[in-house]
Amino acid sequence: MDFEFTEEQKMIRQSARDYAQRELIKDVLERDAKSEYPAHHIKALAELGFMGMLVDTRYDGGGMDTVSYVLAMEEISKVDASVSVIMSVNNSLVCYGIETFGTEDQKERFLKPLARGEKIGAYLLSEPDAGSDATSQKTMALDKGDYYLVNGTKNWITSGNTASTYVLIAQTHPEKRHKGINAFIVDRHSPGISLGLHEDKMGMRSSDTHSVMFTDVKVPKENRLGEDGSGFKFAMKTLEGGRIGIAAQALGIASGAYERALKYAKERKAFGTEIINHQAVAFKLAEMHTRIEAARFFCLKAAWLKDQKQPFGTTSAMAKYYAAETAMYVTTEAVQIHGGYGYVKEYHVERLMREAKLTQIYEGTSEIQQIIISRAIMND
Ligand SMILES: Cc1cc2nc3c(=O)[nH]c(=O)nc-3n(C[C@H](O)[C@H](O)[C@H](O)COP(=O)(O)OP(=O)(O)OC[C@H]3O[C@@H](n4cnc5c(N)ncnc54)[C@H](O)[C@@H]3O)c2cc1C
């Protein structure tokens, strides 16, 4: 056991912290209010190497480990989870998927610009009738010889408009059910792709979320990822890693809310003393702090297992489940500690509470994580 971070990991955390506390904080409230895409921040994070952190340096990535990724995700999410979700999808779903399952040619053409952050990726799995039940894919990708013909609708797609590169999951052989699913790399500007309206979300409002419609879109055969029929495995494997990113995001949201609540409790006076001196408030903070520490250990353990190339799927499900529940609990208590001031935008905790809610829903709801964990213990 070693609970110390390396010098490199500490440097990466500091660099993410500096950027978040100095730059992201400046316009986070305004972007949340206007649902404004954080283009200049994504460019700056790309320059810091944060859009392709985990990608091998051979493919222009940062060559960093997953522990560093968790540390960076936590720091960015403390201030702005709209930015960290764009970072997370690009890193742990799109880049990881192409690097792990792609051919050398696909890595050369698609991974390199994504790893440099010059292009942004989106991950298209969910459909109007296929969310938790991802096997029920209705989007069809029919084999037409040297290309696939894609028809169907994906929804809730993070970076649906701003991405240049889509990683699409679709059904090729419906009779084979989940064994007939494929994953593809698709140019977002291919003829036949159209977008639904920008979703007006509760939280993470400055990330762009769209439905994406495919009408007779031709995807070259060489853009399929992996063997024919391996798309469901692709989706499950990428989501295993993706959950570490969302767990770290939830951890960051919780830490951000906790830090604000602690500061406020030391300043705000009621009944002649700072409210932290009221045991009910101090115990709330003690509970918040304890749960955050536990969530942090979970995230780091999942990341460490992945870095050691050991199985990490159940641990990443536990990390995502626990961190998301912690984020919801901690942000709700942070609003409570702020009293009326917690209910207005200026103090940030209501925004963090809205952001926390999404971590219980996407990349597998809390209930789906419980299913993954319970199946694993049944087989123990
Ligand atoms: C803002 C946002 C961004 C997103 N970004 C992306 C993205 O970039 N790419 C992408 O592909 N998807 C994305 N998603 C989709 C997200 O992953 C799904 O919303 C999520 O997986 C849940 O699916 P659903 O909404 O269809 O809910 P459903 O699957 O219909 O679930 C509804 C409820 O039923 C529960 N439930 C379902 N099945 C079971 C079961 N077997 N046992 C117990 N409870 C169950 C669920 O836990 C949930 O509480 C995003 C969603 C949002 C809201």
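Above this text you will find the structure in question.
Along each chain, residue indices are assigned from 1 in the same order as the chain's sequence is written. Local features are withheld for residues below a pLDDT of 70 in this predicted model, meaning they are given only at 70 or higher, and side-chain atom pairs are given and counted only at 80 or more; totals for whole chains, interfaces and linings count all residues. Calculated side-chain values reflect all of the structure's heavy atoms, with hydrogen atoms and water omitted.

K.L.:
What is the right way to read the site of the ligand from this model?
P.N.:
Being near a molecule or strand, for a residue, means having at least one of its heavy atoms within 4 Å of it. Taken together, 16 residues sit near the ligand, with Tyr123, Ser126, Ser132, Trp156 and Thr365 positioned nearest. Here an oxygen atom of the ligand and a backbone polar atom of leucine 125 are 2.9 Å apart. We define a polar contact as two N or O atoms separated by no more than 3.5 Å, with the added condition that, inside protein, one atom must be a possible hydrogen donor and the other a possible acceptor, whereas residues neighbouring each other in sequence contribute only through side-chain atom pairs. One of the side-chain N or O atoms of serine 132 is found 2.6 Å from an oxygen atom in the ligand. Computed on the free molecule, the ligand has an accessible area of 980 Å², of which 64% lies beneath the protein chains in the complex. With a 1 Å grid spanning the protein atoms alone, the term cavity applies to any set of points in which a 1.4 Å probe fits but cannot get out, the term pocket to an open set with protein on both sides within 12 Å along at least five of seven lines, and the term lining residue to any residue with an atom within 4 Å of a point. Assignment to a cavity or pocket requires that more than half of a molecule's atoms be within 2 Å of the site's grid points. Because more than half of its atoms lie within 2 Å of the grid, the ligand is assigned to the largest pocket. Secondary structure elements follow DSSP: runs of H or I no shorter than four residues count as helices, runs of E no shorter than two count as strands, and numbering proceeds from the N terminus. Every element with two or more residues in the shell around the ligand is listed here: β3 (147-158) and α10 (366-378). Throughout, the ten residues Ala, Val, Leu, Ile, Met, Phe, Trp, Tyr, Cys and Pro are labelled nonpolar, Asp, Glu, Lys and Arg are labelled charged, and all others, Gly among them, are labelled polar. Residues belonging to the shell around the ligand are distributed by class as follows: 8 nonpolar, 5 polar and 3 charged. Here, Shrake-Rupley sampling with a 1.4 Å probe gives the accessible areas, and only protein chains in the shown set may cover a residue.

K.L.:
Looking at this structure, how should I read unusual backbone geometry?
P.N.:
Located in the positive-phi region is serine 35, a residue other than glycine, with phi close to 50°. Residue placement: serine 35 occurs in the loop between α1 (7-34) and α2 (39-47). Accessibility expressed as a relative area gives 17% for serine 35, which makes it buried. The phi dihedral of histidine 348 is positive, around 70°, even though this residue is not glycine. Exposure remark for histidine 348: the relative accessible area of 7% places this residue in the buried category. Whether a residue is buried, partly exposed or exposed follows from its accessible area with a 1.4 Å probe, protein chains only, as a fraction of its type maximum: under 20%, in between, or over 50%, in that order.

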